[in-house]
Amino acid sequence: MDITIIVPLFNEVESLRELRNWIDRIMTENKFCYQILFVDDGSNDGSWKLIQELQGENPDTIHGIRFRRNYGKSPALFCGFARAEGDIVVTMDADLQDSPEEIPEMVRMIREEGYDLVSGWKKKRYDGKLSKNIPSKLYNWTARKVTGIKLHDMNCGLKAYRKEVVKNIEVYGEMHRYIPFLAKNAGFDKIGEKVVHHQARKYGVSKFGLNRFVNGYLDLMSLWFLNKFGKQPMHFFGLLGSLMFIISFITIVVLGASKLMALAHGIPARLVTDNPYFYITLTGMVLGTMLFLTGFIAELVSRSSSQRNDYKIEKEF
């Protein structure tokens with residue numbers, strides 16, 4: 001099997017047959033051996049019935065997975081990756097905004113140029129709302145800085161992967177936005193980009209709102225932290241807690257010494273407990289201790305994890 005095309009969808013019944021025909025034409029022209037895997041994320045508009053009809057028309061090419069309810073795009077991709085059989089796996093949205101005509105070149109980049117993952121870049125978009133484009137640019141700029149991956153459109157649904165990539169990453173929650181970062185963390189660091197043609201939505205409405213930018217930022221911070229400190233949480237919490245405790249302790253010693261010096265020279269001095277800095281430093285010592293203990297407990301949890309020695313081995317003799 002050359003290519004598996006995974007199409008996650010939710011209420012896209014109007015576009016599925018047209019998308020299937022479009023993919024079939026491109027794959028046939030390029031003489032690819034392929035399969036299309038539709039993952040129905042709990043649609044209620046007849047999408048699954050149409051997928052069954054398409055499968056009946058071409059049982060060797062069309063495959064489907066249906067969720068009992070709407071779980072989200074990441075679970076759909078996770079299940080699709082588990083079922084994928086092709087040497088190269090392509091993901092694309094079902095709304096006809098991603099063009100299957102980009103697939104042959106993305107496949108060539110993987111086969112001939114050695115990329116592990118090729119991500120699409122919708123350089124010219126046709127959903128030109130400022131409420132989408134400006135937050136999207138800010139989101140992608142932040143993602144580039146945090147991940148170190150130089151992609152202009154990390155969340156583009158049109159991507160191509162080596163089979164080994166999708167079999168070695170776990171997509172969960174809403175982490176589909178950061179699959180390139182997950183791939184990099186798994187050791188697949190040859191990540192490329194291709195400008196792709198973006199088309200205006202032909203049917204239906206977008207299933208994503210502005211809240212995806214807030215959730216995306218929080219997910220990015222989670223991935224960054226887990227990648228950097230996931231197996232060594234004490235290095236973060238312990239260091240931060242220790243610094244806070246030491247600085248606060250030194251400050252409270254200075255306050256006490258100042259009081260003693262004033263008394264030794266017969267200078268009237270107010271009670272240490274009347275000084276607001278006393279309570280600030282005391283709070284700092286308590287917080288520092290709590291952070292240190294948090295790191296200690298997190299370290300115990302990490303040591304008890306069944307995945308603490310889950311390392312990605314590429315080859316062995």
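It should be emphasised that the depicted structure is a prediction, and the values quoted were computed from it without experimental measurement. (Residues numbered from 1 in each chain as written. Predicted model: local features only at pLDDT ≥ 70, side-chain atom pairs only at ≥ 80, totals over all residues. Heavy atoms only, no water.)

Chemist: For the packing of helix 9 (residues 234–264) against helix 10 (residues 276–304), give the residues involved together with the corresponding values.
Modeler: Running from N to C, helix 9 and helix 10 cross one another at 155 degrees; their axes reach a closest spacing of 7 Å. Relative to helix 10, the element helix 9 lies roughly antiparallel. Remark: the crossing between helix 9 and helix 10 carries left-handed chirality. Here the residues of the contact of helix 9 with helix 10 sort into 15 nonpolar, 11 polar and 1 charged. (Axes fitted to C-alpha atoms, helices over the stretch in contact; angles between N-to-C directions. Helix = DSSP H or I, 4+ residues; strand = E, 2+ residues; numbered from the N terminus. Parallel < 35°, antiparallel > 145°, perpendicular 65-115°, else oblique. Left-handed = near helix turned anticlockwise from the far one by under 90°. Nonpolar A, V, L, I, M, F, W, Y, C, P; charged D, E, K, R; others polar.)

Chemist: Can you explain the packing of aromatic side chains? Please cite residues and give values.
Modeler: Scanning the entire structure with this criterion turns up 10 aromatic pairs. Summarising the aromatic geometry, the rings of Phe236 and Phe237 are spaced 5.0 Å apart at their centres and angled 85 degrees between planes, so their arrangement reads as edge-to-face. The class of Phe237 is buried, set by a relative accessible area of 19%. Every member of this aromatic cluster is reached through a ring pair, and the members are Trp224, Phe225, Phe229, Phe236 and Phe237. Over the ring of Tyr115 we find Lys190; its NZ or CZ atom is 5.4 Å from the centre of that ring. (Phe/Tyr/Trp six-rings, centres within 6.5 Å; stacked < 30°, edge-to-face > 60°. Buried < 20%, exposed > 50% of the residue type's maximum accessible area, 1.4 Å probe, protein only. Lys NZ or Arg CZ within 6 Å of the ring centre and 35° of its normal.)

Chemist: Kindly report on helix 9, identifying the contributing residues and their values.
Modeler: Across its 31 residues, helix 9 extends 43 Å between first and last C-alpha, which sits within 8% of the 45 Å expected from 1.5 Å per residue. Every buried residue of helix 9 is accounted for by Met234, Phe237, Gly238, Gly241, Ser248, Ile252, Leu255, Lys259 and Ala262. Of the residues trailing helix 9, Gly266 is marked for its positive phi of about 70 degrees. (Expected span 1.5 Å × (residues − 1).)

Chemist: Requested: an account of the environment of Asn215, with residues and values cited.
Modeler: Along the chain, Asn215 turns up in helix 8 (residues 211–229). On the accessibility criterion, Asn215 (24% relative accessible area) is partly exposed. Spatially, the C-alpha atoms of Asn215 and Met175 are 9.8 Å apart, while their sequence positions differ by 40 residues. Contacts of Asn215, omitting those with residues within four sequence positions, involve Glu174 and Arg177. (Contact = heavy atoms within 4.5 Å.)

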